[in-house]
Amino acid sequence: MRFMVIVKANRDTEAGKMPSTEMLAAMGKFNEEMAKAGVIEAGEGLHPTVKGARIGYGRGETSVTSGPFDLSSDLVAGFWLIKTASLDEAISWMKRAPFEPGSEIEIRQVFAAEDFGEAFTPELREQEERTRAAAAKS
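Given the structure is predicted, the values throughout are model-derived calculations rather than measurements.

Colleague: Explain the overall build of the protein to me, please; I cannot follow it from the model alone.
Modeller: Assigned secondary structure in the protein consists of four helices and six strands. When the helices and strands of the protein are read in sequence order from the N terminus, they spell out β-α-α-β-β-β-β-α-β-α. Taking the principal axes of the C-alpha coordinates as reference, the protein spans close to 50 × 45 × 30 Å. For the protein, the residues scored as buried account for 20% of the 138 residues in total. Sequence-distant contacts in the protein: of pairs separated by 6 or more residues, those separated by 24 or more amount to 74%. Accessible surface, the protein: about 10,100 Å² in total, of which carbon and sulfur atoms supply 53%. Taking the average location of the 17 positive side-chain charges in the protein and that of its 22 negative ones, the two points are 2 Å from each other.

Colleague: Which parts of the structure should I look at to understand the side chain of Thr 49?
Modeller: Take Thr 49: it is sitting in the loop between β2 (40-45) and β3 (53-57). Here Thr 49 falls in the buried class, since its relative accessible area comes to 11%. A polar contact is formed between the side chain of Thr 49 and the side chain of Glu 14, at a distance of 2.4 Å. Residues within four places of Thr 49 in sequence aside, it is in contact with Glu 14, Gly 67, Pro 68, Phe 69 and Leu 75.

Colleague: Honestly, unusual backbone geometry in this entry has me stumped. Any pointers?
Modeller: Comment: phi is negative for the bulk of residues other than glycine, and the bulk of peptide bonds are trans. The amide bond that connects Gly 67 to the next residue, Pro 68, takes the cis arrangement and shows omega of 10 degrees. Within the secondary structure, Pro 68 sits in the loop between β4 (62-66) and β5 (76-83).

Colleague: Help me understand the sheet that holds strand β6 (residues 105-109) in this model?
Modeller: Strand pairing in a sheet relies on backbone hydrogen bonds, with the paired strands running either antiparallel or parallel. The strand order β2-β5-β1-β6 describes an open sheet built from four strands, whose pairing is antiparallel. Of all the strands in the sheet, just β2 and β6 have a single pairing partner and so form its edges. The mean inter-strand angle of the sheet, taken between neighbouring strand axes irrespective of direction, is 15 degrees. Both strand β1 (residues 2-8) and β6 contribute to a ladder of five bridges, which runs antiparallel. What sits directly across from Ile 6, in β6, is Glu 106. Relative to the sheet, helix α2 (residues 21-36) contacts β2 and β5, its axis offset from that of β5 by approximately 25 degrees.

Colleague: Can you walk me through the layout of surface pockets in this structure?
Modeller: A probe matching the size of a water molecule, rolled over the atoms, marks out where space remains unfilled. One number sums up the size of the largest pocket: a volume of about 960 Å³. As for the largest pocket, its lining consists of 31 residues, and the residues nearest its centre are Thr 13, Lys 17, Pro 19, Met 23 and Ala 77. Counting residues per element, the ones that place at least two in the lining of the largest pocket are β1, α1 (11-14), α2, β2 and β5. Here the lining of the largest pocket takes five residues from α2, the largest share from any one element. Classifying every residue of the lining of the largest pocket by side-chain character gives 13 nonpolar, twelve polar and six charged. Roughly 270 Å³ of volume is contained in the second largest pocket. Residue lining of the second largest pocket: 15 residues in total, with Arg 2, Phe 111, Ala 112, Ala 113 and Arg 132 positioned closest to the centre. Its residues placed into classes, the lining of the second largest pocket shows seven nonpolar, one polar and seven charged.

Colleague: Would you explain the pairing of β5 in this entry?
Modeller: Two faces, one strand: in a regular strand the side chains alternate between the faces of the sheet. The pairing of β1 with β5 spans seven bridges and is classified as antiparallel. Paired with Met 4 across the strands is Leu 81, a residue of β5. Summarising the sheet, β2 and β5 pair through five bridges and their orientation is antiparallel. Along β5, the bridge assignment pairs Gly 45 with Gly 78.

Rules used throughout
- Residues numbered from 1 in each chain as written.
- Predicted model: local features only at pLDDT ≥ 70, side-chain atom pairs only at ≥ 80, totals over all residues.
- Heavy atoms only, no water.
- Helix = DSSP H or I, 4+ residues; strand = E, 2+ residues; numbered from the N terminus.
- Buried < 20%, exposed > 50% of the residue type's maximum accessible area, 1.4 Å probe, protein only.
- Contact = heavy atoms within 4.5 Å.
- Areas by Shrake-Rupley, 256 points an atom, 1.4 Å probe, with all protein chains shown as cover.
- Lys, Arg positive; Asp, Glu negative; His and termini not counted.
- Charge placed at Lys NZ, Arg CZ, Asp CG, Glu CD.
- Polar contact = N/O pair within 3.5 Å; in protein donor to acceptor, adjacent residues only side chain to side chain.
- Pairing = 2+ DSSP bridges.
- Axes fitted to C-alpha atoms, helices over the stretch in contact; angles between N-to-C directions.
- 1 Å grid on protein atoms, 1.4 Å probe; cavity = no way out; pocket = protein on both sides within 12 Å on 5 of 7 lines; lining within 4 Å.
- Points joined across faces, edges and corners; volume = space filled by probe spheres on them.
- Nonpolar A, V, L, I, M, F, W, Y, C, P; charged D, E, K, R; others polar.

Listed below in structure tokens is the structure:
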């Protein structure tokens, strides 16, 4: 099973405050442990929302709103993409992450092809495989 671990933004991340050398070292060690165990597929931090935008979709129209955005529980500061046998295993790994008190993460399972049932036709599966193959080449 694949899971996205969403690291929630806070005042410091939205202010662009960079982590300390000690935090970077601790996070690097944690990521290395996950890599050695074959758990981590990706993991990145994100710039503050002041450097981002939101796009809203309407009936034939889109709207673009530039950041910054108000600090709320829906803002993301970073993520991991991990692969574990279960949600419990994902939780077990993430309980070891070296976050400071007050930090918050969210763990969400990533859909797999079989989750879509009959709606994901053989033609759509082939299209998905071609897209993934092309993305892997770039």
